[in-house]
Amino acid sequence: MKPLVLFSLLALVTSSALAAPPAPTRAPLRQVADLNLGETQTLTFANGQKATLRLLDVAVTKDTMSEAVRSARVTVDVNGTKTTLGCANYHLPVTVAGVQIDCSMVKAYNANTGTDTWGLEKDARLRVWPAGSPLIEPGTFGYPLKQKWFATATQFSNEPTYVDGGDRPERKKIYYHNDLDFGGCEKLVEIVAATDGLVVSVADKTLPGYEGTPARQRYDVVYLLDDRGWYYRYSHMDSIDAGVRLGERVKRGQKLGMLGKEGASGGWSHLHFGIVSKQPSGKWGTEEAYAYAWEAYRNEYKPAIMAVARPHHFVQIGEKLTLDATKSWSASGKITEYAWTFFDGRTARGATVERAYPKAGAYSEVLKVTDARGNVAYDFAIVQVIDPNRAKEVPPAIHPSYSPSIGIKVNDPVTFKVRVFRTTHGSERWDFGDGSPPAQTKSNGAPDSHAKDGYAETTHRFAKPGTYIVTVERANEAGDRAIGHLAVEVGK
């Protein structure tokens, strides 16, 4: 063979090798089992401990209009102990029979979504960790944005998308948000790398050799690859930092860009954050990330207590629903009080309460949780109520946000932004919860999701320390109200 030909062949082989994704060098702490009903699998952890799982039952609850799955539960035998788990939708792993276990997906969700982003071919997916183990190796995963937990709206872990007004009675193909949508203040929230990783795609460029991977280039998107072989997606960014360069590495906590509403965002400002990994089926599929984000936030910000009133609800007038605060958490181990304040001024006590609504609207019900040490946290249950007699006249939806959300001091300027969907009627009215005069804004509810004036903005300063429940609302021509809340913590 001539030297030039040999050199060319060697160069081609070397180039192809360099273009291929690197092999994983770190094993995840969790083990995964995809199971059919009645099937048993035994998983072995790195320390030699075993977990034997048998799937006994799968049950789903659907709404009465679009037949979207609103919740799912699985019954599992874990090392001889029978337990029932909620599936995704803000559920965390629970400890049973010597392991931590969660259910990240059931196949029933695929019936009306039109796609399988999970790579799940069986009835359910279970993940297990040794009891007492971190969910992801310490020092290798961080919270992906500089913002308070639940600062505003979220769409997590198989929750049907709703913030942009897309949850409608006639919707038969459902977009269950398998990844994590962190709502935030447009252009004001910094997005950071959750892991050390290789930049395999940024904006409109992808590395050669990654065509068969989960990386999908788009002008507002960055994909990183970590040493577990997991791909991380960051989408809808208003801007991407100049330091994020194709083929180079970033460090955990490094700035990637600023939060926005670009791409297929639906017009509401948020970070779409998702992880894709190889699943037991051999396919690429979603690595459910809620528990990892929860653990990272707790490690980094050390909250004493966290309230959870999510996911949102979607019901008809007069239909009973249960508001559920049992996913809330306290570092002390015990929440002593669950207090609800409803939009109509009524109140209730209890981890779960039952309600029905007489009028269409998008309501935000206030949850306050208190633990044994007197620590307090707030969250908000979004309830979208449809009038079946005018189902095509869907009430407006609202997305409020604020920045900064961490480290606010007395008299600091706080920026509040809001966008209303499904109506152009009227304007928004703000009550900052501190006795100050209300403010008015008028957001752009027009169909252009990327409109520069889509969000209306106002600024407020709080004169005293405390936690303030900020309320903003707007109504359509029929008087259907869209109400939003924010819990703003102001220090001295």
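Residues numbered from 1 in each chain as written. Predicted model: local features only at pLDDT ≥ 70, side-chain atom pairs only at ≥ 80, totals over all residues. Heavy atoms only, no water.

A.B. asks: What am I meant to see in the nonpolar core here?
C.D. replies: What tends to happen in soluble globular proteins is that the nonpolar side chains get buried as a cluster. In this structure, Phe-141, Trp-149, Phe-182, Leu-224, Tyr-234, Phe-273 and Tyr-290 are the most contacted members of the largest nonpolar core, which totals 43 residues. Counting only elements with at least two residues in this core, the list comes to strand 12 (180-183), strand 14 (197-202), strand 16 (222-225), strand 17 (231-235), strand 21 (270-278) and helix 2 (290-301). With 7 residues, helix 2 is the single largest residue contributor to this core. What Phe-182 contacts, discounting residues up to four positions off in sequence, is Tyr-143, Pro-144, Leu-145, Ala-153, Phe-156, Leu-259, His-270, Leu-271, Phe-273 and Ala-293. Grouped together as the second largest cluster of nonpolar side chains are 30 residues, Phe-45, Ala-72, Val-106 and Ala-124 included. (Core = buried A, V, L, I, M, F, W, Y, C linked by side-chain atoms within 4.5 Å. Buried < 20%, exposed > 50% of the residue type's maximum accessible area, 1.4 Å probe, protein only. Helix = DSSP H or I, 4+ residues; strand = E, 2+ residues; numbered from the N terminus. Contact = heavy atoms within 4.5 Å.)

A.B. asks: Looking at this model, I keep getting lost on the pattern of salt bridges. Mind explaining?
C.D. replies: Oppositely charged side chains can form a pair if their charged atoms are brought close together. One pass over the full model with this rule turns up 32 salt bridges. With a closest N to O distance of 2.8 Å, Arg-125 and Asp-34 form a salt bridge. A residue pair is termed long-range when its members are at least 10 positions apart, and Arg-125 in strand 8 (residues 124-130) and Asp-34 in strand 1 (residues 31-35) qualify at 91 residues. According to the relative accessible area criterion, Arg-125 is buried, its value standing at 1%. Assessed through its relative accessible area of 4%, Asp-34 is described here as buried. Across the pair Arg-70 and Asp-167 runs a salt bridge, and its minimum N-O distance is 3.1 Å. Here the residue Arg-70 occupies a position in strand 4 (residues 69-78), and Asp-167 occupies one in the loop between strand 10 (159-160) and strand 11 (176-177), the gap between them amounting to 97 residues. For the pair formed by Arg-70 and Asp-167, the shared burial category is buried. (Salt bridge = Lys/Arg side-chain N within 4 Å of Asp/Glu carboxyl O.)

A.B. asks: Would you explain the pairing of strand 36 (residues 456-460) in this entry?
C.D. replies: Remark: a regular strand shows side chains that alternate across the two faces of the sheet. Only one face of strand 36 is covered, namely the face carrying Ala-456, Thr-458 and His-460; the face carrying Glu-457 and Thr-459 is uncovered. In this structure, strand 33 (residues 414-421) lies alongside strand 36, joined through 5 bridges in antiparallel fashion. Each residue of the ladder has a partner; that of Val-414, found in strand 36, is His-460. (Pairing = 2+ DSSP bridges.)

A.B. asks: Is there a simple way to think about the environment of Ala-108 in this case?
C.D. replies: On the secondary structure map, Ala-108 appears in the loop between strand 7 (99-106) and strand 8. Owing to a relative accessible area of 30%, Ala-108 belongs among the partly exposed residues under this scheme. Each C-alpha atom, one on Ala-108 and one on Lys-122, is 9.9 Å from the other, the two residues being 14 residues apart in sequence. Here Ala-108 is in contact with Val-60 and Val-69, once residues within four sequence places are set aside.

A.B. asks: Just to check I follow, could you spell out the sheet that holds strand 18 (residues 239-240) for this structure?
C.D. replies: Sheets are built from strands paired through backbone hydrogen bonds, the pairs being either parallel or antiparallel. Spatial ordering of the open sheet is given by 13-20-18, a layout of 3 strands whose pairing is antiparallel. The sheet is open, and its two borders are formed by strand 13 (190-192) and strand 18, each paired with just one other strand. Looking at chain direction, strand 13 and strand 20 (residues 255-258) are connected through 3 bridges and run antiparallel. Residue pairing in the sheet places Val-192 in a bridge with Lys-255 of strand 20.

A.B. asks: It is not clear to me how helix 2 should be interpreted in this structure. Could you clarify?
C.D. replies: For an α-helix the count is 3.6 residues per turn, leaving residues at separations of three or four pointing the same way. For helix 2, built from 12 residues, the straight-helix expectation of 16 Å at 1.5 Å per residue is met to within 8% by its first-to-last C-alpha distance of 16 Å. Buried within helix 2 we find Tyr-290, Ala-291, Tyr-292, Ala-293, Trp-294, Glu-295, Ala-296 and Tyr-297. In this structure, the buried side of helix 2 is in contact with strand 8, strand 9 (154-156), strand 12, strand 21, strand 23 (305-306) and strand 26 (329-330). (Expected span 1.5 Å × (residues − 1).)

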